[in-house]
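Chain and residue survey
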Amino acid sequence: MDNENSPQPNNTPNAVSNNTPGQDIPPVPTISAQPPAPVRQPGAAQTAPVKKPHNYAFLGLGVLILLAIFLPNSSAAQALAYPIIILGAIAGIKFFIDSIRSSRRVNNVLAKSFVVFGGLGVGVVIFIVCLIAGAIVGFAKDPHPQSTG
């Protein structure tokens with residue numbers, strides 16, 4: 001019985017195949033740049049989120065602003081203006097430093113200067129907003145306001 005009309009290929013060494021040489025090679029899986037995400041098993045412990053110090057600083061700035069809004073007029077509430085201004089300066093400087101660090105990955109000189117000057121501008125705006133907020137808190141929470149009359 002001949003295998004000439006059979007749909008399955010003949011694997012004998014003497015058989016002539018109509019396939020091109022590249023069709024017999026199985027596809028090669030590609031290697032992705034990102035490692036696969038780990039599969040979470042049911043009942044396995046979850047990893048805790050990473051706690052960074054600057055998150056606590058921003059939380060502290062928010063708490064100070066909330067205290068400045070809701071505390072009654074007193075010298076303690078008026079003194080909250082200084083930490084608000086100081087933390088605003090720290091946040092502005094941190095933003096500028098982060099923009100300089102991120103500009104190192106950019107190869108284009110124009111884009112790099114845009115990132116640096118943009119970071120400087122946003123850092124200055126952060127500081128000015130906190131400076132104005134501190135001035136408002138300092139004047140609004142005065143325990144002994146001067147009256148006109």
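Up top is the structure these notes are about.
Notes on the structure follow. (Residues numbered from 1 in each chain as written. Predicted model: local features only at pLDDT ≥ 70, side-chain atom pairs only at ≥ 80, totals over all residues. Heavy atoms only, no water.)

1. Details of the pattern of salt bridges
What counts is decided by this rule: The working definition used for a salt bridge is a side-chain nitrogen of Lys or Arg within 4 Å of a carboxyl oxygen of Asp or Glu. A run of H or I in DSSP becomes a helix once it reaches four residues, and a run of E becomes a strand once it reaches two; helices and strands are each numbered from the N terminus.
Scanning all chains against the criterion turns up one salt bridge. Put simply, D98 and K94 hold a salt bridge, and the shortest N to O gap is 3.0 Å. Taken together, the positions of D98 and K94, both in helix 3 (residues 81-103) and four residues apart, correspond to about one turn of that helix.

2. Some words on helix 4 (residues 109-140)
For clarity, the cut-off: Helix span, as expected, comes to 1.5 Å for every residue beyond the first. Here the term buried applies to any residue with accessible area under 20% of the maximum for its type, exposed to any over 50%, and partly exposed to those in between, with areas from a 1.4 Å probe on protein chains only. Here a polar contact is taken to be a pair of N or O atoms separated by no more than 3.5 Å, where protein atoms must pair a possible hydrogen donor with a possible acceptor and residues adjacent in sequence count only if both atoms sit in side chains.
The end-to-end C-alpha separation of helix 4 is 46 Å, in line with the 46 Å expected for 32 residues at 1.5 Å each. For helix 4, every residue scored as buried is listed here: G119, G123, C130, G134, V137 and G138. Of the residues that open helix 4, the one with a side-chain oxygen 3.2 Å from the backbone nitrogen of L110 is N108.

3. Digging into the packing of helix 3 against helix 4
Just so we agree on the cut-off: Angles run from 0 to 180 degrees between N-to-C directions of axes, and those axes are lines fitted to C-alpha atoms, restricted for helices to the stretch in contact. Reported orientations rely on four angle classes, namely roughly parallel under 35 degrees, roughly antiparallel over 145, roughly perpendicular from 65 to 115, and oblique for the rest. Three classes are used, and their members are as follows: Ala, Val, Leu, Ile, Met, Phe, Trp, Tyr, Cys and Pro are nonpolar, Asp, Glu, Lys and Arg are charged, and the others, Gly among them, are polar.
Packing of helix 3 against helix 4 brings their axes to within 8 Å, and their N-to-C directions diverge by 175°. Between helix 3 and helix 4, the angle is such that the two are roughly antiparallel. Tallied by class, residues from the contact of helix 3 with helix 4 come to 18 nonpolar, nine polar and one charged.

4. Let's talk about the side chain of S99
Within the element layout of this structure, S99 appears in helix 3. Among the residues examined, S99 registers a relative accessible area of 7% and is labelled buried.

5. Quick word on helix 3
Between the first and last C-alpha of helix 3 there are 33 Å, a value that for 23 residues agrees with the 33 Å anticipated at 1.5 Å per step. Inspection of helix 3 places A81, I84, G88, A91, G92, S99 and S103 among the buried residues, and these make up the whole buried set.

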